[in-house]
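# Coordinate analysis (summary)
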Amino acid sequence: GVHRQILFTTVGWFAGYYLAKRMEYMHAKMDRDLSEYIRQHPEDFKAAEKRRIGELLEDFHPIR
């Protein structure tokens, strides 16, 4: 009856809350580890030089 629906809704809410918090924790941990690796190995992550849009696009040759 209704009591089962309330029970399952409550259990589902707590399970979803726990899983969401665990997912946030895992992503925060991964971000922290990546940031630390980037800080310790700056030679692997050099900033790319800026290029103009004309250097990125190919020349246009119309086909007739």
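Scroll up a little and you will see the structure.
Attention in this report is confined to the structure presented alongside it. (Residues numbered from 1 in each chain as written. Predicted model: local features only at pLDDT ≥ 70, side-chain atom pairs only at ≥ 80, totals over all residues. Heavy atoms only, no water.)

Regarding its fold elements, the protein presents 2 helices and 0 strands. In terms of overall size, the protein is more extended than a compact globule, its C-alpha atoms giving a radius of gyration of 26 Å where 64 residues would be expected to give roughly 11 Å. Burial status across the protein gives 0% buried among its 64 residues. Put simply, the protein shows about 7,000 Å² of open surface, and 60% of that area lies on carbon and sulfur atoms. When the 11 positive and 10 negative side-chain charges of the protein are each reduced to one mean point, those points stand 9 Å apart. (Helix = DSSP H or I, 4+ residues; strand = E, 2+ residues; numbered from the N terminus. Rg over C-alpha atoms; globule rule 2.2 N^0.38 Å. Buried < 20%, exposed > 50% of the residue type's maximum accessible area, 1.4 Å probe, protein only. Areas by Shrake-Rupley, 256 points an atom, 1.4 Å probe, with all protein chains shown as cover. Lys, Arg positive; Asp, Glu negative; His and termini not counted. Charge placed at Lys NZ, Arg CZ, Asp CG, Glu CD.)

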